[in-house]
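Structure assessment
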Amino acid sequence: MGTVVETPVKEADATVTVKKPTVVFVLGKHFVLALSSVFVVILSGGPGSGKGTQCANIVEHFGYTHLSAGDLLRAEIKSGSENGTMIQNMIKEGKIVPSEVTIKLLQKAMEESGNDKFLIDGFPRNEENRAAFEAVTKIEPEFVLFFDCSEEEMERRILNRNQGREDDNVETIRKRFKVFLESSLPVVQYYEAKGKVRKIDAAKPVAEVFDAVKAVFTPKDEKAAA
Ligand SMILES: Nc1ncnc2c1ncn2[C@@H]1O[C@H](COP(=O)(O)OP(=O)(O)O)[C@@H](O)[C@H]1O
Ligand SMILES: Nc1ccn([C@@H]2O[C@H](COP(=O)(O)OP(=O)(O)O)[C@@H](O)[C@H]2O)c(=O)n1
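Residues numbered from 1 in each chain as written. Chains lettered and ligands numbered in written order. Predicted model: local features only at pLDDT ≥ 70, side-chain atom pairs only at ≥ 80, totals over all residues. Heavy atoms only, no water.

1. Concerning the site of ligand 2
Neighbouring residues of ligand 2: 21 residues in total, closest Arg74, Lys95, Val97, Arg125 and Arg176. A distance of 2.9 Å separates an oxygen atom of ligand 2 from a polar atom in the side chain of arginine 74. Arginine 176 places a side-chain nitrogen or oxygen 2.6 Å from an oxygen atom of ligand 2. Here ligand 2 has 530 Å² of accessible area as a free molecule, and 96% of this is covered by the chains. According to the grid-proximity analysis, the pocket containing ligand 2 is the largest pocket. (Near = heavy atom within 4 Å. Polar contact = N/O pair within 3.5 Å; in protein donor to acceptor, adjacent residues only side chain to side chain. Areas by Shrake-Rupley, 256 points an atom, 1.4 Å probe, with all protein chains shown as cover. 1 Å grid on protein atoms, 1.4 Å probe; cavity = no way out; pocket = protein on both sides within 12 Å on 5 of 7 lines; lining within 4 Å. Sits in = over half its atoms within 2 Å of the grid points.)

So this is what it looks like as structure tokens:
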């Protein structure tokens, strides 16, 4: 479903036209254009490692749109969608929802945002998520921010989170840790092999974690000038 758009490009004094391939894919009844040209950063890390907390800081400082796969799935349950019960059962068990469902929600949110810079938080969660997302959207993340934190600290944080989440109980937390180790870490290793992982010590206080995050997002020339 590829198409070609003609994009005028100013080169020296002459205006030339280049043919630029643009990916078009169908999402429900909508046509989604050129998602392959967006700038995507992935946030990975265990449950409770502080991804959502730091996303709020990054959005405020760097103008990204935050897309939390978990939040999108929870909103889908609330909306009364036909997939709602299936999603709810998977989340209660700490299991990973089929990629097709999550990718549609991410695509829709990207399209509706009007932005071209995205923080994708909590996705891809397994190899199926990663491969399906890349196949459908043709998006390669610029880099992956990996939040490194001990299970002990993550469990403590989740049990204090108080957001009324059905999966924030000891039994489900343990299942989520297991899924993280077995399914999500291999995705981080995949990106590591491509030199795309930026590891952050997420066990530190929020402000210190954000200092480390900022250093990753700040261009090298700005760091040198500071
Ligand atoms: N660096 C930190 N130190 C202590 N508590 C934190 C830190 N970062 C986040 N938290 C708290 O821990 C809980 C989990 O953080 P959250 O951002 O929801 O994690 P995640 O999105 O990775 O599941 C929240 O209650 C949050 O306020
Ligand atoms: N890509 C994703 C992300 C989340 N989820 C589901 O949503 C749950 C909560 O994810 P989340 O990212 O909001 O939770 P935390 O890891 O931030 O605590 C996961 O345990 C999965 O059941 C999923 O199925 N697929």
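2. A few points about empty space enclosed by the protein
Evaluated as defined, the whole model comprises two cavities of 30 Å³ or more. Quantified by volume, the largest cavity comes out at close to 60 Å³. Every residue along the wall of the largest cavity is listed here: Ile42, Leu43, Ser44, Gly45, Lys51, Gly122, Phe123, Pro124, Arg125 and Ser184. Looking at side-chain class alone, the lining of the largest cavity contains four nonpolar, four polar and two charged residues. By volume, the second largest cavity is sized at about 30 Å³. What lines the second largest cavity is Ile42, Ser44, Pro124, Val144, Val187, Val188 and Tyr191. With three residues, helix α7 (residues 170-193) is the largest single contributor of residues to the lining of the second largest cavity. When grouped by side-chain class, the residues that make up the lining of the second largest cavity number six nonpolar, one polar and no charged. (Points joined across faces, edges and corners; volume = space filled by probe spheres on them. Nonpolar A, V, L, I, M, F, W, Y, C, P; charged D, E, K, R; others polar. Helix = DSSP H or I, 4+ residues; strand = E, 2+ residues; numbered from the N terminus.)

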